[in-house]
Amino acid sequence: MPIYRLEPVDRDSPHWQRSWHRDVCLVGAASEAEARELAAAVFDQVVRHQGREPLVAPWSNKDLVTCTEADSVPDHMAEGMVALPDGLGGWQLRGQGVDSTEIDS
């Protein structure tokens, strides 16, 4: 199972109002599409927006976020999990893998 690295490229877009996380993340998923979908679901937040066009989850937008297979992954990372930078050069795992791997971070 691949681990995908999703990284914002245009943080100035108003669509980032829809996400509580706006930095790189790792997602365990079977495909790029599933990785984007999981990130969008995990980070989504409801916002009041007065703009002309509706806001979309930025993680699903290829113009706002790159998605590549990760070169290195945290220990115990499993499909269905998300990893966020821990601020110390490592990763904080979140969620429960589809194989019932559960991380308390």
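What you see is a predicted model, and the numbers here were worked out from it, not measured in a lab.

A. Summary view of the pairing of strand E1 (residues 3-8). Of the pairings in the sheet, the one linking E1 to strand E2 (residues 25-28) comprises 4 bridges and is antiparallel in character. By the bridge assignment, Ile 3 is partnered in E2 with Gly 28. Where E1 lies against strand E3 (residues 65-69), 5 bridges are found, and the strand directions are antiparallel. What sits directly across from Pro 8, in E3, is Val 65.

B. Main features of the sheet that holds strand E4 (residues 82-85). With respect to topology, 5 strands assemble into an open sheet ordered E3-E1-E2-E4-E5, the strand pairing being antiparallel. Looking at which strands have only one partner, the edges of the open sheet turn out to be E3 and strand E5 (91-94). This sheet shows a mean twist of 25° between the axes of neighbouring strands, independent of strand direction.

C. Representation of the nonpolar core within the structure. Ranked by size, the top nonpolar core spans 17 residues in total, and within it Leu 6, Cys 25, Val 27, Ala 35, Phe 43 and Trp 59 carry the most contacts. The element best represented in this core is helix H1 (residues 32-43), accounting for 4 residues. If we skip the residues at most four places from it in the chain, Phe 43 touches Arg 18, Ser 19, Trp 20, His 21, Cys 25, Trp 59, Val 82 and Leu 84. Counting residues in hydrophobic clusters, the runner-up holds 8 residues, among them Leu 26, Met 77, Met 81 and Ala 83.

D. Spatial organisation of the confidence of the model for the chain. This prediction gives the chain a mean pLDDT of 88; 90% of its residues lie at or above 70. The low-confidence segment residues 101-105 (pLDDT under 50) makes 13 contacts with residues lying over four places distant or belonging to another chain.

E. Spatial organisation of the environment of Ala 83. With respect to the helices and strands, the residue Ala 83 is situated in strand E4. Taking the relative accessible area as the measure of exposure, Ala 83 reaches 0% and is therefore buried. With 17 residues separating them along the chain, Ala 83 and Thr 66 place their C-alpha atoms 16 Å apart.

F. Looking closely at the packing of aromatic side chains. This structure, assessed with the given rule, holds 3 aromatic pairs. For the pair Trp 16 and Trp 59, a centre-to-centre distance of 5.2 Å together with 90° between the ring planes defines the contact as edge-to-face. On the criterion of sequence distance, the pair formed by Trp 16 in the loop between E1 and E2 and Trp 59 in the loop between H1 and E3 is long-range, its members being 43 residues apart. Judged by its relative accessible area of 2%, Trp 16 falls in the buried class. Judged by centre distance (5.2 Å) and plane angle (80°), the ring pair of Trp 20 and Phe 43 falls under edge-to-face. A residue pair is termed long-range when its members are at least 10 positions apart, and Trp 20 in the loop between E1 and E2 and Phe 43 in helix H1 qualify at 23 residues. Overall, the relative accessible area of 40% leaves Trp 20 in the partly exposed class. The buried category is assigned to Phe 43, whose relative accessible area is 1%. Joined through ring pairs, the aromatic side chains of Trp 16, Trp 20, Phe 43 and Trp 59 make up one cluster.

About the cut-offs
Residues numbered from 1 in each chain as written. Predicted model: local features only at pLDDT ≥ 70, side-chain atom pairs only at ≥ 80, totals over all residues. Heavy atoms only, no water. Pairing = 2+ DSSP bridges. Helix = DSSP H or I, 4+ residues; strand = E, 2+ residues; numbered from the N terminus. Axes fitted to C-alpha atoms, helices over the stretch in contact; angles between N-to-C directions. Core = buried A, V, L, I, M, F, W, Y, C linked by side-chain atoms within 4.5 Å. Buried < 20%, exposed > 50% of the residue type's maximum accessible area, 1.4 Å probe, protein only. Contact = heavy atoms within 4.5 Å. pLDDT = per-residue confidence, 0-100. Phe/Tyr/Trp six-rings, centres within 6.5 Å; stacked < 30°, edge-to-face > 60°.

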